[in-house]
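Structure assessment
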Amino acid sequence: VKILDRQCFASGVTIFERGSEGNRAYIIESGRVEVFVRDSEGEIVNISTLGPGALIGEIALLDSGHRSASIKTVEPTVLISVSSFDFREAILRSTKLKTSLAKKVSRRLQETITIIDDQKQPEKIHAATTKEEVLEMMTALKATLDRVVKKAEKEAKKAEYKAAPKSAHGR
């Protein structure tokens, strides 16, 4: 994966808002960020806090292209930016990355469902962040990952075919 740039943010800076278009993923090099959504009254519902090594913004690259949550720094933070093209290329080339990413996204979505279920006033959660929508997103992400895996397998077979001696092709 090509690292295009490193971005530095002060504490309290919103990196992206839920619903905005997502064309980059980020790896947290240093610092911490809060992942959150806003309820129907505009109050923040914290989903999680992530630190160095965490990948953020990847769900938008795998799904609809729109951010599923907002991200805000909780201390000075350095992010490494990865374009959607480089991100997809890395997924196509690495079965290990695909598997790891599928597990991570599934775990994050399950955590989000739990947090939404545990809210004392679930009716306050913004309608677009309902348990049903998270489940729909999870299904869509799994379908996207399945397509990526199938495409990668097809590309691997093509590469094997091209690399094999001509005698192995039945000629």
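Residues numbered from 1 in each chain as written. Predicted model: local features only at pLDDT ≥ 70, side-chain atom pairs only at ≥ 80, totals over all residues. Heavy atoms only, no water.

Re the overall build of the protein chain
Defined as follows: Strands are runs of DSSP state E lasting at least two residues, helices are runs of H or I lasting at least four, and both sets are numbered from the N terminus onward. Contacts are assigned to residue pairs with any non-hydrogen atoms lying within 4.5 Å of each other. Note on areas: Shrake-Rupley, 1.4 Å probe, and residue coverage restricted to the protein chains presented here.
Across its full length, the protein chain holds four helices and eight strands. A fraction of 74% describes how many contacts in the protein chain between residues 6 or more apart in sequence connect residues 24 or more apart. Only carbon and sulfur atoms are counted for the fraction: they give 52% of the accessible area of the protein chain, which is about 10,000 Å².

Re the environment of R32
What counts, and what does not: Each residue gets one of three labels from its accessible area relative to the maximum for its type: buried under 20%, exposed over 50%, partly exposed in between, using a 1.4 Å probe on protein chains only. Counting of polar contacts relies on pairs of N or O atoms within 3.5 Å, with two restrictions inside protein: one atom must be capable of donating a hydrogen and the other of accepting it, and residues adjacent in sequence are counted only when both atoms are side-chain atoms.
Note on placement: R32 falls in the loop between β3 (24-30) and β4 (33-38). With relative accessibility at 37%, the residue R32 sits in the partly exposed group. Remark: the alpha-carbon pair of R32 and S11, spanning 21 residues in sequence, is separated by 8.9 Å. Not counting chain neighbours up to four residues away, the residues in contact with R32 comprise T49, L50, G51, T73, V74, E75 and T77. A polar contact is formed between the side chain of R32 and the side chain of E75, at a distance of 3.1 Å.

A few points about the nonpolar core
As a reminder, the rule being used: Side-chain atoms within 4.5 Å are what join buried Ala, Val, Leu, Ile, Met, Phe, Trp, Tyr and Cys residues into a set we call a nonpolar core.
In this structure, I28, V33, V35, L50, I56, I71 and L79 are the most contacted members of the largest nonpolar core, which totals 15 residues. At the level of elements, β2 (14-16), β3, β4 and β5 (44-50) are the ones that each hand at least two residues to this core. Core analysis: the next-biggest nonpolar cluster, separate from the first, contains 11 residues, I59, L61, L62 and F87 among them.

Examining the packing of aromatic side chains
Selection criterion: Put simply, two rings from Phe, Tyr or Trp (the six-membered ring, in Trp's case) pair if the centres are within 6.5 Å, and we call them stacked under 30 degrees between planes, edge-to-face over 60, tilted for the rest. Only Lys NZ and Arg CZ are tested; either one counts as a charge over a ring when it is within 6 Å of the ring centre and within 35 degrees of the ring normal.
Under the definition given, this model contains one aromatic pair. When the ring of F16 is compared with that of Y26, the centres are 6.4 Å apart and the planes differ by 25 degrees; the resulting orientation is stacked. With F16 in strand β2 and Y26 in strand β3, this pair connects stretches of sequence that are 10 residues apart. Residue Y26 is classed as buried on the basis of its relative accessible area, which comes to 9%. Above the ring of F16, the side-chain terminus of R67 is found at 4.0 Å from the ring centroid.

Considerations on the sheet that holds β5
Put simply, the rule is: Any two strands are treated as partners once DSSP identifies two or more bridges connecting them. Each axis is a line fitted through C-alpha atoms, and for a helix only the stretch in contact is used; angles between axes span 0 to 180 degrees, taken between their N-to-C directions.
Spatially, the four strands line up as an open sheet ordered β2-β7-β4-β5, and their pairing is antiparallel. Whereas interior strands pair on both sides, the edge strands pair on one side only; in this sheet they are β2 and β5. The mean inter-strand angle of the sheet, taken between neighbouring strand axes irrespective of direction, is 30 degrees. Bridge count between β4 and strand β7 (residues 70-73): four bridges; the pairing is antiparallel. Bridge pairing in β7 links V33 to T73.

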